[in-house]
Amino acid sequence: MNLNTKTQIKNNHNKAENFFLDIKSGLQNTPKKLSSKYFYDEIGDELFQKIMAMPEYYLTQCELDIFKNKTAEIADLITSDSSPFDLIELGAGDAMKSSYFLKYLVDKGTDFTYMPIDISGNILSILQEKLEKNIPELHTVCLEGEYFEMLNKAAALSSRRKVILFLGGNIGNMELEEAYHFCSGLKQNLAAGDQLLIGFDLKKNPHTILNAYNDKTGITAAFNLNLLTRINRELDADFDLKEFQHYQTYDPVSGACRSYLVSLVDQVVTIDQTSISFKENELIDMEVSQKFSEEDIKELAEKSGFEIKGEIRDSKNWFIDSVWT
Ligand code: AVI
């Protein structure tokens, strides 16, 4: 396959079936749980763009500060081995931050292929169009699907060394045990010399963190509720959105920032042919956005078999991009 093209590789196999099974089993669980990976349909993508533009949601500005103002430092860490590489971005979204880095590498004449992986085909199409317009010299292969499945695809397409980007604090959307399994899995998928650049939102003033997920404008609430709309549309369900309310918590000791939807009444919701009962005040666990200390990051790297090669912090010292090998 010629990688010097703008390519989009999809894997829609079983996508709808997996969505149905995950949602049904999550809602039959005690406590009820939905996976935040399903937030990102077309409307979810738009709402997330709005979240990233909110003044309260500091994460984007912090990592943007790193990618805009410390680009050379990132490049020094990642391109210390001058051999050509594949730059694979997990959960690339619209690559708002990484595009500064892509432009920098292209301007320097670096030999690399950019491979964004995302579960949302919609956002990948938007990204591809944007990159074609803004960095036409960039070699891009878009991979639509789950991370590990698409990492295997990327490995099958090219045998060059890999640099993985996992930005935005996405690792925080996993429970700690899940994050450890995820990082160990990544390590097992990488060869000697491959690298991982991973973004962590740091523990900080608890008010700052809670405000980022509890905005007065209600955008984060709409982001959570949109998953119910998606389930109604795609799985023929009848959630009444007025009967659910967003509730956010932050525990500064564990660093877990969690969002829930609260059922406001006793109610029964039907999904396809399955009835799900809710008691008044019963919760659906929607998302964790884990915050980390430096020790937490070190522990996660070591436990999953990585060595920390370096790190870059934003000027407020609120966010770290850590380079692991
Ligand atoms: C994508 N992820 C890192 C976001 C976060 O901060 O956990 C998702 C998000 N949820 C609510 N606001 C933003």
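Conventions adopted
- Residue numbers run consecutively from 1 along every chain, following the written order of its sequence.
- Only residues with pLDDT of at least 70 are given local features in this predicted model, and only at 80 or more are side-chain atom pairs given and counted; all residues enter the totals for whole chains, interfaces and linings.
- Each side-chain value is derived from all of the structure's non-hydrogen atoms; neither hydrogens nor water enter the calculation.
- Helix and strand assignments come from DSSP, with helices taken as H or I runs of at least 4 residues and strands as E runs of at least 2, each series counted from the N terminus.
- Partly exposed residues are those whose accessible area sits between 20% and 50% of the maximum for their type, while under 20% is buried and over 50% is exposed, using a 1.4 Å probe and protein chains only.
- The definition of a polar contact used here is a pair of N or O atoms within 3.5 Å, where within protein one atom must be able to donate a hydrogen and the other to accept one, and adjacent residues in sequence count solely through side-chain atom pairs.
- Residue contacts are defined here by distance: any two heavy atoms, one from each residue, within 4.5 Å place the two residues in contact.
- Any residue with a heavy atom positioned within 4 Å of a molecule or strand is treated as near that molecule or strand.
- Each accessible area value is a Shrake-Rupley result obtained with a 1.4 Å probe; residue values ignore everything except the protein chains displayed when judging cover.
- Amino acids are sorted into nonpolar (Ala, Val, Leu, Ile, Met, Phe, Trp, Tyr, Cys and Pro), charged (Asp, Glu, Lys and Arg) and polar (every other residue, Gly among them).
- Multiply 1.5 Å by the residue count of a helix minus one, and that product is the helix's expected span.
- Here, a salt bridge means any Lys or Arg side-chain nitrogen found within 4 Å of an Asp or Glu carboxyl oxygen.

An unreviewed UniProt entry lists the protein under the name Methyltransferase, with Chryseobacterium piperi as the source organism.

Chemist: An account of the side chain of Lys32 is requested, with residue identities and associated values reported.
Modeler: Of note, Lys32 is situated in strand E2 (residues 32-33). Residue class for Lys32 comes out buried when judged on its relative accessible area of 7%. At a separation of 2.6 Å, a polar atom in the side chain of Lys32 contacts the side chain of Glu282. If we ignore the near neighbours within four places in the chain, the residues touching Lys32 are Gly26, Leu27, Ile276, Ser277, Phe278, Glu282, Leu283, Ile284 and Asp285.

Chemist: Give a detailed account of the environment of Arg258, specifying residues and quantitative values.
Modeler: The topology assignment puts Arg258 in strand E9 (residues 256-263). In this structure the C-alpha to C-alpha distance between Arg258 and Gln248, which are 10 residues apart in sequence, comes to 5.8 Å. The contacts of Arg258, once residues within four sequence positions are left out, are Glu175, Tyr247, Gln248, Thr249, Asp285, Glu287 and Val288.

Chemist: Explain the site of the ligand residue by residue, including any values.
Modeler: The ligand sits among 14 residues. The nearest are Tyr57, Asn173, Tyr213, Glu287 and Ser289. In this structure, Glu287 approaches the ligand through a side-chain N or O atom, which is 2.7 Å from a nitrogen atom. Between Ser289 and the ligand, the recorded distance is 2.6 Å, taken from a side-chain N or O atom to an oxygen atom. Protein chains bury 97% of the 340 Å² of accessible surface belonging to the ligand in isolation. If you list the elements that add at least two residues to the shell around the ligand, you get helix H2 (42-53), helix H10 (219-235) and strand E12 (283-290). In terms of residue class, the shell around the ligand is made up of seven nonpolar, six polar and one charged.

Chemist: Now, about helix H8 (residues 176-189): what can you tell me, with residues and values included?
Modeler: Relative to the 20 Å expected for 14 residues at 1.5 Å per residue, H8 spans 20 Å between its end C-alpha atoms, a close match to the ideal helical length. Listed in full, the buried residues belonging to H8 are Ala179, Phe182, Cys183, Ser184, Gly185 and Leu186. At its buried positions, H8 is contacted by strand E3 (85-90), helix H7 (147-157), strand E6 (161-166), strand E7 (195-201), helix H11 (294-303) and strand E14 (319-324).

Chemist: Which residues make up the pattern of salt bridges, and what are the values?
Modeler: Counting across every chain of the model gives 19 salt bridges. Here Glu146 makes a salt bridge to Lys37, at a shortest N to O gap of 3.3 Å. With Glu146 in the loop between strand E5 (141-144) and H7 and Lys37 in the loop between E2 and H2, the pair connects residues that are 109 residues apart, well separated along the chain. With a relative accessible area of 37%, Glu146 lands in the partly exposed category. Linking Lys204 and Asp201 is a salt bridge whose minimum nitrogen-to-oxygen distance equals 2.7 Å. Judged by relative accessible area, which is 12%, Lys204 ranks as buried. Judged by its relative accessible area of 2%, Asp201 falls in the buried class. Members of the salt-bridge network, linked through shared partners, are Asp41, Arg230, Arg233 and Glu234.

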